Amino acid sequence: MSDTVECYSLDDPQGGVMRKLAEGMTTQIFSGEKSMLSVVTIEPHAKGEMHHHPEEQWGVVLEGSAVRFQGEIQFEVTKGDFFRTPPNVPHTMQAGADGVRVLDIFAPIREEYLKPGEGFSSKG
């Protein structure tokens, strides 16, 4: 059992690892031993590139709206929606008119996200 308390705020996600994913798309990453959280902010109409990774991913829309591209499927998501992306499935998002904030959850952790950097990683 750890004596360390890790407590953060979605309203002001400071203390994580900053990463620029694409133009108009940034994230603050918080890692544990076996899972990782990523608070993603996407500016209005910005779109990431299709990519994939071996980690399973869940996403929770915190505010705003977006179109989710996942494999050959695309669907709209808004505040309160959550979705699962299986390992190695190509995916990305495009923010709506007001932008979007998404909480992504990865398991296991994405090693390349343990330090600041740019980009998503593997291309899809």
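Residues numbered from 1 in each chain as written. Predicted model: local features only at pLDDT ≥ 70, side-chain atom pairs only at ≥ 80, totals over all residues. Heavy atoms only, no water.

Colleague: Let's hear about unusual backbone geometry: which residues, and what values?
Modeller: The amide bond that connects A107 to the next residue, P108, takes the cis arrangement and shows omega of -10°. The topology assignment puts P108 in the loop between β7 (91–107) and β8 (117–118). In this structure, N88 is a non-glycine residue whose phi angle is positive, near 65°. The residue N88 is located in the loop between β6 (82–85) and β7 in this model. The class for N88 is partly exposed, based on a relative accessible area of 44%. (Helix = DSSP H or I, 4+ residues; strand = E, 2+ residues; numbered from the N terminus. Buried < 20%, exposed > 50% of the residue type's maximum accessible area, 1.4 Å probe, protein only.)

Colleague: Outline the pairing of strand β5 (residues 73–78), listing residues and values.
Modeller: Inspection of the sheet shows strand β4 (residues 56–70) paired to β5 by six bridges, in the antiparallel sense. In the sheet register, S65 faces β5, and the bridge partner there is T78. Taken together, β4 and the strand that follows it, β5, pair antiparallel across an intervening segment of two residues, in which G71 is found at a positive phi of about 60°. (Pairing = 2+ DSSP bridges.)

Scope: geometric values only; no functional claims are made or implied.
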